[in-house]
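Structural characterization, general
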Amino acid sequence: MAMTDGYSTGIRSWLTTVDHKRIAIMYFVVGFVFLLIAGVEGQLIRLQLATPERSFLDPDLYNQLFTMHGTTMVFFAGMPLVVAFFNFVVPLQIGARDVAFPRLNAFSFWVFLFGGLFLYASVPLRVMPDGGWFAYMPLTNPEYSPGPGIDFYVLALLISGVGSIAGGLNFLVTILNMRAPGMTFMRMPLFTWMALIVSALILLAFPPFTVGLIFMLFDRRFGTHFFDAAAGADPVLWQHLFWVFGHPEVYILILPAFGIVSDVIPTFSRKILFGYPVVVFSGVLIAFLGFGVWVHHMFSVGLGPVVNAVFGGATMLIAIPTGIKIFNWIATMWGGRLRFRTAMLFAVGLVATFTIGGLSGVMHSSPPADLQQTDTYFVVAHFHYVLIGGTVFGLFCGFYYWFPKATGRMLHEGLGKAHFWLSFIALNVTFFPMHFSGLLGMPRRTYTYAEGLGLDVFNLISTVGAFIFTLSFVPLVWNLWRTWRRGEAAGHNPWDASTLEWTMASPPPHYNFAEIPAVDRRDPLWHPYIEPESRAEGDEPGGAVPRRQPDEPPAPVVMPNPSYWPLVLAVGMLLMTIGGLGSLGLTLFGLLVTAVGLFAWAFEPAFGEEAH
Amino acid sequence: MEGPTSTGIPNRKLAMWAFIGSECMLFGTLIATYMIYRGRNLVPPYPHDLLNIPFITITTFVLLMSSLMMVLALAAVQKNDLRATKLWLGLTALFGLIFLGGQYYEFSHFVHEGLPLSRNLFSSTFFVLTGTHGAHVAGGVIWLSTLLVRTVQGQLDARHAETVEIAGLYWHFVDVVWIILFTLIYLLV
Amino acid sequence: MLFLGVLVSQGCGGEYPQSTLHPSSDSATLIDQLFDQIFWWAVGVFVVVEGILIYVFVRFRERPGDARPKQVHGHLLLEVGWTLAPALILVAIAIPSIRAIFIIDRSTPDPEALVVEVIGKQWWWEFRYPELGIVTANEAHVPVGRTVDLRLRSADVMHSFWIPRLAGKRDLVPGIENQLWFRPDSVGVYHGQCAEFCGTAHALMGMRVIVDEPDDFERWARANAAPASTPAAAEARAGQGVFMANACVSCHAVRGTPAAGQFGPDLTHFGSRLTIASGVLENTPANLARWLDSTQHVKPGNPMPEVELSDAQIRQLVAYLGSLR
């Protein structure tokens, strides 16, 4: 699995790397580890709830576990795994040699990593945050949450948020500016399209959350009154700030999965995507509407019938572009030649299970119905269908799809299918019964439930499902191990796919493209198969061709230099973050390190001489 | 350093525009919070007890003038007039510093008059909003100073006009934000 | 799975005392009917989508020797169709939803409504009947057939008032008074609990609403408006002494005695309640003794300290509290 082509090796080369493919691998590995950790936390939660009135976990530990589970899954597993795919796939799909700002890219990774490590430093110190991933004020103010637990939450999300915003900026500019000649917007692969949309979402959604976190930090550490009802403030403001971010965050997690599936389904149907422009614009529409629906997380707050009706209506609207995507995927498969390789199984698994999550979502878009469903296990069922059936299945789909490209080795199909079927069964066994436990009156975030409420059977089934989930990781890990030892070589284009990343060797060379290709159509690698009469207007035969005239010498390849400074800058920010727990001196020292890193970064040449 | 881009806009400039978009959300949230909480303060002192509009009008004028200096600096560097570039960059940074000095005076005066950060809802929203803006001005002053130093060292000339332009984009944005803050906090008190 | 769901909705409310699917008030029934409507739309869409999917999987699976299929860019009419069809379904859902929210989210139009103030505290409920002069905790009695108009406030953090069979949730927000109303349509004991995460003992912040016949309610109201009676039995009198001599009085009020603490639940008519510790234990002498002996074990994290009491003192306290009917 070693990528030696043009690469230096050794620990130092990884600490200083600015290569998008290496950063992708680091994001993936770290994100996957956090996924496993948060998965174990979820498993412990299910163990506690297996039967009524169990005392396997005490309430405080339980509250810490569900807080860590949610926070980790969203910020330290979901986001980095999404960004791992951005990093690996986007430059390859648009015909670029790297992202627009390679050092900024490395910096994003390091602050994300430090944010995650900082959050988990609370575990050995036994001060995990316990306010939920939503951390509602005033429960999280020092009066009700003394001790540093919530500070770990606030500071970890502040520092990793800086990395997220930097990443959003980077990919926005990369996709807008670094496309190969001829790669117009309407020729971009769907995954790149969704990465563009999500980058914009990150840029616009994170600042309100950052501000909310700063308010919370100041309320906790400096005695301000942003959420203090006694001072005239409204604690509900925190909920607004959180959900103005929190709802787009859901789309930050789901749209990349939609993008992956929109690339995978055509490949394994041997058919181009049905209604490409409609799929693109429905993604844009979902993102746009996503900023206007946050109050549907707050229907029970009592904001009045007008507010609730408006936000309920806006929420329902989102079902339309989402439905369009599902129907377009089905239409892509219709009349195709479906090859059910593992990646395809996860893709259609997403279509099948996301539909369930989407439909339960419509159920609580209706404000009156939501008044019964909100904060119950019905909602837990809903968003796990969306986030596992959608995001996680989408990410696994992408994992099986691009693994051969990233490593040059093929994964074992039988083990892959075992992984799919186990996780598909586990998802449904764990979370389908939660619809019932919710409707029968089981609130969320409760460490126990009474006997005699009729909830016992459903909870027990859910716990069994969680065990199957844990089991589903066995074939995955085994598969990785097996492929590490003896995986068949992948070749350039093992799936007969249509986009630019499949034109190069697997794994791709350091510089990606020996020559930047010129693109004159969508799905350039399939141009021989697309009949002339069905071609979009203006397409000429060709596909992806080198721009160079045959007798012209190749243009020199200029690659970004490796650099220590992104790491130094991130360390400086980590020191400031740790100082935020109560040491002004450390904060100032961190500020100094940050400043040094910033200046050194600014004066260091970003790009080197010719690499080959 | 980089080849032609798909949009024709240089990467760094596009990134600055995108960053400004993100910053709009940041200040938008801070400003919205201030406006929502306006008039809800329950504990004295209140805004009209303390806000010194004539004084802030002067520092606001200074900050506005710094934007003019910034425009002149960019024009100078584009013409490769390095002497003028140094002058205008220096004045931009200096005016920014004067503004910050005014803010420092205002903050310490408020604290002295019994309005520390943790006093009430007004102090919380006021200090965090204007403080965040002040931090942006301070960052801008440091940035402009490095450009000035590089010009003095002879490392910055017309070939780097884009760098000055990007710093200018940021600086103008920060000034525009202040115009909004000045209007909402001081003029509408 | 769907079958299971139907099974559940057919079951009787007694087996599911906290179910949203077994409404017993006008408000909860309105929501349940709306839910049913949306549910069947969703089932319809589910069957259609998954049906087509399964058909596609079987019909278009690649077979050996298959040629590359015809490439299709799109189909305007189809795409307009599957934009409009969901839109129409959503309109069909939106209209009754908005109608219902404008009924539920407004104050009750009923001038005869019984006003009950609800104050959420970590981790119990205080109920006050301003018109009747009653202060009680964790259990509210209301008469059947009369609208109950709840005024919801919080003493500390966010809570959410939820009696699934009687109404949807309404949050208790510090600094704000929220409203919630419903008209119960049958007599019974209705289970509920806090639905907004509020800290350590959030899971054990339960409550009961007891819907009585109007006569029974009148009797309950008269009894509960009165101060506590002096206990007759010797053991209970001794218990009163223990109560007044210990930390109990600093937090609990027993009207008609010197005990006037405001921090914990009012215990004036504790003996008439069904449960202890906001729905955690049934109110029996044995459970009460257990609660007094080890509050932190029964309800971890709750603010009631474990006061050092001898077994005899606990027996006397149990007798005293039981006598407060």
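Residues numbered from 1 in each chain as written. Chains lettered and ligands numbered in written order. Predicted model: local features only at pLDDT ≥ 70, side-chain atom pairs only at ≥ 80, totals over all residues. Heavy atoms only, no water.

Digging into the overall build of chain C
In terms of regular secondary structure, chain C is built from nine helices and twelve strands. Going through the 325 residues of chain C one by one, you find that 53% of them count as buried. The contacts of chain C with a sequence gap of at least 6 include a subset with a gap of at least 24, amounting to 63%. If you sum the accessible surface of chain C, you get close to 14,000 Å²; carbon and sulfur atoms cover 60% of it. (Helix = DSSP H or I, 4+ residues; strand = E, 2+ residues; numbered from the N terminus. Buried < 20%, exposed > 50% of the residue type's maximum accessible area, 1.4 Å probe, protein only. Contact = heavy atoms within 4.5 Å. Areas by Shrake-Rupley, 256 points an atom, 1.4 Å probe, with all protein chains shown as cover.)

What about the interface of chain C and chain A?
The interface of chain C with chain A comprises 89 residues on the first partner and 100 residues on the second. Where chain C abuts chain A, roughly 7,900 Å² becomes buried across the two surfaces, and 70% of that area is made up of carbon and sulfur atoms. In terms of surface lost to chain A, no three residues of chain C exceed R68(C), H73(C) and F197(C), which account for 10% of the buried area on that side. Across the chain C-chain A interface, the total number found is four salt bridges. Across the pair D66(C) and R337(A) runs a salt bridge, and its minimum N-O distance is 3.6 Å. (Buried area = accessible area lost by both parts, 1.4 Å probe. Salt bridge = Lys/Arg side-chain N within 4 Å of Asp/Glu carboxyl O.)

Brief notes about the domain arrangement of chain C
As assigned here, chain C comprises domain 1 (16–63 + 72–104) and domain 2 (234–323). Once you take the C-alpha centre of each, domain 1 of chain C and domain 2 of chain C turn out to be 51 Å apart. (Domains from an automatic or database assignment.)

Considering a negative patch on the surface
A cluster of like negative charges, contributed by D293(C), E306(C), E308(C) and D311(C), occupies part of the molecular surface. Here D311(C) is to be found in helix α9 (residues 311–323). (Patch = residues over 30% accessible without salt bridge, like charges linked within 9 Å, V, L, I, M, F, W, Y side chains within 5 Å. Lys, Arg positive; Asp, Glu negative; His and termini not counted. Charge placed at Lys NZ, Arg CZ, Asp CG, Glu CD.)

Here we look at the interface of chain A and chain B
Many authors give the size of an interface as the accessible area that is lost as the parts come together. The interface of chain A with chain B comprises 32 residues on the first partner and 35 residues on the second. With both chains or domains summed, chain A and chain B bury close to 2,800 Å², and 72% of this area falls on carbon and sulfur atoms. Interface area lost by chain A to chain B is led by N177(A), H225(A) and F226(A), which between them contribute 19%. Run the count over chain A and chain B and you get zero salt bridges. Taken together, the links from chain A to chain B amount to twelve residue pairs in polar contact (both at pLDDT 80 or more). If you list the elements that add at least two residues to the side of chain A that touches chain B, you get α5 (149–177), α6 (190–221), α7 (236–269) and α16 (584–603) of chain A. A per-element tally of the side of chain A that touches chain B places α6(A) first, with seven residues. Per-class residue counts for the side of chain A that touches chain B are 25 nonpolar, five polar and two charged. (Polar contact = N/O pair within 3.5 Å; in protein donor to acceptor, adjacent residues only side chain to side chain. Nonpolar A, V, L, I, M, F, W, Y, C, P; charged D, E, K, R; others polar.)

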